[in-house]
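Observations on the three-dimensional arrangement
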Amino acid sequence: MHIAAVDQMANNGNSLMHRLSPVTKVCMTFLLLSALIFSDSIPKAVFLLVLASALILASRANIREVLHLAAYPLIFSVLFALILLGHSWKGGLMVILKALGAAANMLLLITTTPYTDIFGVFSYVLPGIIIDVFIFTYRSLFILLDKLEDMVKSIRLRGGLHPLKLLFNLRNIAGALGVMTIHAFDLSERMYRIYSLRGYSGKIPITREWQHLRLPDFLLLLVSIAVLTGVLI
Amino acid sequence: MSHIHLPDGVLPPVIWIPGFIICFALLYLLAKRVKRDEVRKKMPFAGVIGALMLIFMSVPLGIIPVHLSLTVLCGILAGPGLGFIAVFAVNTILALIGHGGFTVIGVNTLLMGSEIILGFYIFRLLSQKAGKTISAVLANIVALLVSTSLMITIIGSAAGLTNALPLIGHDEEHAAEVQEPDNGEVDRQQGEEPDQEVRYLFFTGWTAVAAILLVGIIIESLVTGLIVRFFAKVRPDLLDAATHV
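Anyway, here's the lowdown on the structure attached to this text. Along each chain, residues carry numbers from 1 onward, in the same order as the chain's sequence is written. Chain A is the first chain written and ligand 1 is the first ligand written, with later ones labelled in order. Since the coordinates come from a predicted model, pLDDT governs what is reported: local features require at least 70, and pairs of side-chain atoms require 80 or more to be given and counted, while whole-chain, interface and lining totals use all residues. Hydrogen atoms and water are omitted, and side-chain values are computed over all heavy atoms in the structure.

**Overview of the overall build of chain A**
A tally of regular secondary structure across chain A gives 10 helices and zero strands. Reading the secondary structure of chain A in the N-to-C direction produces α-α-α-α-α-α-α-α-α-α. Accessible area is worked out with a 1.4 Å probe on protein chains only. A residue is then buried under 20% of its type maximum, exposed over 50%, and partly exposed in between. Buried positions account for 49% of the 233 residues belonging to chain A. In chain A, of all internal contacts separated by at least 6 residues, the share reaching a separation of at least 24 is 77%. Here the accessible surface of atoms and residues is derived via Shrake-Rupley with a 1.4 Å probe, and residues count as covered only by protein chains that are part of the display. If you sum the accessible surface of chain A, you get close to 11500 Å²; carbon and sulfur atoms cover 66% of it. A run of DSSP states H or I qualifies as a helix once it reaches four residues; a run of E qualifies as a strand once it reaches two. Both are numbered from the N-terminal end. The contact definition used throughout considers only heavy atoms, calling two residues in contact when any of these lie within 4.5 Å.

**Side note on the interface of chain B and chain A**
When the parts of a complex come together, some accessible area is lost, and that lost area is often used as the size of the interface. In this assembly, 68 residues from chain B lie in contact with 66 residues from chain A. Of all residues in chain B, B:Arg40, B:Leu96 and B:Ile97 bury the most surface against chain A, accounting for 12% of the area lost on that side. When a carboxyl oxygen of Asp or Glu is within 4 Å of a side-chain nitrogen of Lys or Arg, the pair counts as a salt bridge. Linking chain B with chain A are one salt bridge. For B:Arg235, the salt bridge goes to A:Asp186, with nearest N and O atoms at 3.4 Å. Any pair of nitrogen or oxygen atoms within 3.5 Å is treated as a polar contact; in protein, a donor-acceptor pairing is required on top of that, and neighbouring residues in sequence qualify only through side-chain atoms on both sides. Across the chain B-chain A interface, the total number found is three residue pairs in polar contact (both at pLDDT 80 or more). Once two parts are joined, some of their accessible surface, as seen by a 1.4 Å probe, is lost; buried area is that loss totalled over both.

**Here we look at the packing of aromatic side chains**
Pairing of aromatic rings covers Phe, Tyr and Trp, the last through its six-membered ring, and needs centres within 6.5 Å; plane angles under 30 degrees mean stacked, over 60 mean edge-to-face, and all others mean tilted. Counted under the stated rule, the structure contains 16 aromatic pairs over all chains. Ring-pair connections join several aromatic residues into one group, and the members of that group are A:Phe30, A:Tyr115, A:Phe119, A:Phe122, A:Phe134, A:Tyr138, A:Phe142, B:Trp16, B:Phe20, B:Phe24, B:Phe88 and B:Phe102.

**Comments concerning a nonpolar patch on the surface**
Two distance rules govern patches: like charges are joined within 9 Å, and nonpolar side chains (Val, Leu, Ile, Met, Phe, Trp, Tyr) within 5 Å, applied only to residues with over 30% relative accessible area and no salt bridge. A cluster of nonpolar side chains, namely A:Leu57, A:Ile63 and A:Leu67, defines an oily patch on the protein surface of about 300 Å² accessible area. Its location among the elements puts A:Leu57 in helix 4 (residues 42-58).

**Structural notes on the pattern of salt bridges**
On inspection of all chains with the given rule, the structure shows three salt bridges over all chains. What emerges from the salt-bridge pattern is a single network uniting A:Asp186, B:Arg235 and B:Asp237.

**Focus: unusual backbone geometry**
All names here are of chain A. Within the chain, arginine 60 stands out as a residue other than glycine whose phi angle is a positive 55 degrees. Mapped onto the fold, arginine 60 is located in the loop between helix 4 and helix 5 (63-85). What makes arginine 60 exposed here is its relative accessible area of 61%.

**What to know about a positive patch on the surface**
Here the positive residues are Lys and Arg and the negative ones are Asp and Glu; neither His nor the chain ends is included. A charge is said to be at NZ when it belongs to Lys, at CZ for Arg, at CG for Asp and at CD for Glu. Residues A:Arg139, A:Arg190, A:Arg193 and A:Arg198 make up a contiguous surface patch of positive charge. Structurally, A:Arg198 can be placed in the loop between helix 9 (166-197) and helix 10 (215-232).

**Side note on the side chain of A:Ser140**
Examined against the element boundaries, A:Ser140 turns out to sit in helix 8 (residues 128-157). Residue A:Ser140 is classed as buried on the basis of its relative accessible area, which comes to 0%. A:Ser140 has contacts with A:Leu187, A:Met191, B:Gly47, B:Val48 and B:Ala51, leaving out every residue within four places of it along the chain.

Structure representation (structure tokens):
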């Protein structure tokens, strides 16, 4: 699901976009996303797509990976655009442009900001226990993904997957997922014990070292506000 | 299985804004209901359930273009409250990597949350009278049928119900065109009204979508049933949340 690749780009990248405050980047994403949602003409949508793409290029992200990720929204928007094409080609094109622009904005955010920092910004508006679920989900995802990879590999090596035997495959996959779920359950109990030892009382404390905004942060926010205003007028 | 992969800017605000409002209202309600003592024990489990859902979604099903999500199974394991919170986390993470837009998080959470809540209660009800495997399969089928219908209604309200629903209108319209009695009228109509022809083609597409969804529901229900059977043999305590009233 590319989460590891995105994580690598966000944590190891070194560009101006990476150094900006997560608060700025999340706010910028929401402002540009709002601009896209409310944009009503093709030139405006093209401009927003170009702006997000330019910022991605400036962040020196792995373009191949970004294009791969952008393919998902492209495919789904094309399907939807085909439905709308029956009414007008402009409607169909707008759907594709908006989808690509929104995806580019989201990709810009996640390839320049570690997930934990994004969850930290969300913690301003969401209840603590929901943020904890985010963090626990994210933490256990990589451990379980490794387990799944090993499990699928061993099933394949032992002839447990056959391209033409659907029921046989289903039974084996269900067994593997069952084992995985039991493993996940044990993992959650182990995590609970570890966190309890560290003093977990139902809320993971989040340090926000990035609260202070600097000049580039203010500039980017101003540009984003100006873009949204320009689109709305 | 039935969550919307639509990117941002496709669903109209009249759908996704109420989706967010209802979703956040439910989240705050559920977050308040979880007791402080329970939080410590249950949060890691809810997180793991979220991770499991993300992993289940990455399991390929070969030639069938749908993916598992096993939300009903997760609901049976975690219960409706924690399951709903985990579903919100899953949809947010999916939106962050481009699998569905940010604006559809609320709607997607409600769709998948409906699977969790319905699946949990149907399984609880049925497992008191029938076997666990069959109860899990039936709970899954009903929950997925409801959530898939909701999903089609939502997409239909964005694209127009006549375009979204596979079996309404198009075949009758086309039949009427073909049976037109005047000589040459059929050719003339089809030539001058490409919209009708396109709609007919889309009817075919949606029928295919319906078939794919049905196959997906059957596969997901079978896998859920098999996993529940496995748990009943190996770790029956995992099913306690749903079977103990």
